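One-letter residues, chain by chain:
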Amino acid sequence: MSKTTAVVPTEHAWKYIQQLCKHWSHKLTVELADNKGIVSFDNATAVMTSDEKALTVTIEAPSDEVLERLKGVVSSHLDRFAFREAPLPFAWQDA
């Protein structure tokens, strides 16, 4: 499994997690709890957590190729919801 994490500075992290989870809940399995959203794709999982200063996104996938694709999918969707702050500074770190 390949795994990567990005910590994105924003004061609106929880709002963005809620919006993204609601958006994807129509087609994907989504869990939303206190300051945390989990999105299950066909072959990968994105876990998003928030605090008052940042949004943390962790993606786990079976291969580097799938991981790279999901990094683009997650970051582009978050940028759409965060259009006032976009582009958000995703500094992905392999885990």
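Residues numbered from 1 in each chain as written. Predicted model: local features only at pLDDT ≥ 70, side-chain atom pairs only at ≥ 80, totals over all residues. Heavy atoms only, no water.

In the segment running from Ala86 into Pro87, the intervening peptide bond is cis, with an omega of 0°. Its location among the elements puts Pro87 in the loop between α2 (64-81) and β6 (93-94). Even without a glycine there, the phi angle at Asn35 is positive, about 55°. (Helix = DSSP H or I, 4+ residues; strand = E, 2+ residues; numbered from the N terminus.)

Attention shifts here to the packing of aromatic side chains. Summed over the entire model, instances satisfying the criterion amount to two aromatic pairs. Ring centres 5.1 Å apart and planes at 80° place the aromatic pair Trp24 and Phe41 in the edge-to-face group. One end of the pair, Trp24, is in helix α1 (residues 13-24); the other, Phe41, is in the loop between β3 (36-40) and β4 (45-50), with 17 residues separating them in the sequence. In this structure Trp24 comes out as buried when scored by relative accessible area, which is 7%. A relative accessible area of 16% means that Phe41 is categorised as buried. Taking the centre distance of 5.5 Å and the plane angle of 15° together, the rings of Phe90 and Trp92 count as stacked. Accessibility expressed as a relative area gives 17% for Phe90, which makes it buried. (Phe/Tyr/Trp six-rings, centres within 6.5 Å; stacked < 30°, edge-to-face > 60°. Buried < 20%, exposed > 50% of the residue type's maximum accessible area, 1.4 Å probe, protein only.)

What follows concerns the pattern of salt bridges. Within this structure, the stated rule accounts for one salt bridge. Its salt-bridge partner being Glu68, residue Lys71 comes within 2.9 Å of it at the nearest N-O pair. Of this pair, Lys71 and Glu68 both sit in helix α2, separated by three residues, roughly a single helical turn. Given a relative accessible area of 13%, Lys71 falls into the buried group. (Salt bridge = Lys/Arg side-chain N within 4 Å of Asp/Glu carboxyl O.)

Here we take up the side chain of Ser75. Within the secondary structure layout, Ser75 lies in helix α2. Look at Ser75 and you get buried, because its relative accessible area is 14%. Among the polar contacts listed, one links the side chain of Ser75 to the backbone oxygen of Gly72, at a separation of 3.3 Å. (Polar contact = N/O pair within 3.5 Å; in protein donor to acceptor, adjacent residues only side chain to side chain.)

What follows is about the pairing of β4. Residues Ala46, Met48 and Ser50 of β4 are buried on one face, while the alternating residues Thr45, Val47 and Thr49, pointing to the opposite face, are not. Alignment of β3 against β4, held across five bridges, turns out to be antiparallel. Across the sheet, the residue bridging to Ile38 is Val47, located in β4. For β4 and strand β5 (residues 54-61), the ladder comprises six bridges, and the chain directions are antiparallel. By the bridge assignment, Ser50 is partnered in β5 with Leu55. Linking β4 back to β5 in an antiparallel pair, the connection comprises three residues. (Pairing = 2+ DSSP bridges.)

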